[in-house]
Amino acid sequence: MKILTVCGMGSGSSLILKMNVEEVLSGLGKDAEVDACDIGSVAGHQVDLLISTKEFGDQLEEFTADKILVSNVVDKSDIEQQLKDYLAK
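Computed from a prediction, not measured in an experiment: that's the story for all the values here.

A separate point is the sheet that holds strand β4 (residues 66-70). Ordered by their spatial adjacency, four strands build an open sheet running β2-β1-β3-β4, and the pairing between neighbours is parallel. Of all the strands in the sheet, just β2 (33-38) and β4 have a single pairing partner and so form its edges. Geometrically, the sheet is characterised by an average inter-axis angle of 25 degrees between neighbouring strands, direction not taken into account. The pairing of strand β1 (residues 2-7) with β2 spans six bridges and is classified as parallel. Note on β2: the bridge partner recorded for T5 is A36. Across the sheet, helix α3 (residues 76-87) touches β3 (49-53) and β4, and the angle it forms with β4 is around 160 degrees.

Here you go:
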């Protein structure tokens, strides 16, 4: 599975989100390739899942990949619950 974490500049919150997603996936015993980028570079990536904050939800609608939108990039419990729900599909 390929996951892309997304923020406005690609160097702040997307990297924090990437590290937290990797940690949560590891705790769940799941393996995925996780990368981070800025909102303007999303189109250049082929991924299964986009993870970002709710503020970028409208800008990510055009992409066909599944999406998880979090309120806070450091809230691991929210990230974990949303990933569990996604993986249960």
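Quick look at the side chain of T53 now. Turning to its location among the elements, T53 is positioned in strand β3. The residues touching T53, leaving out its near neighbours within four places in the chain, are V6, L69, V70 and V73.

This part takes up the environment of S77. Along the polypeptide, S77 turns up in helix α3. A relative accessible area of 51% places S77 in the exposed class. Once the C-alpha coordinates of S77 and G57 are considered, the two residues, 20 residues apart in sequence, prove to be 20 Å apart.

When you line up the elements, K84 lands in helix α3. The exposure class assigned to K84 is partly exposed, which follows from its relative accessible area of 38%. Sequence separation between K84 and G57 is 27 residues, and the spatial gap between their C-alpha atoms is 20 Å.

Criteria and thresholds
Residues numbered from 1 in each chain as written. Predicted model: local features only at pLDDT ≥ 70, side-chain atom pairs only at ≥ 80, totals over all residues. Heavy atoms only, no water. Pairing = 2+ DSSP bridges. Helix = DSSP H or I, 4+ residues; strand = E, 2+ residues; numbered from the N terminus. Axes fitted to C-alpha atoms, helices over the stretch in contact; angles between N-to-C directions. Contact = heavy atoms within 4.5 Å. Buried < 20%, exposed > 50% of the residue type's maximum accessible area, 1.4 Å probe, protein only.

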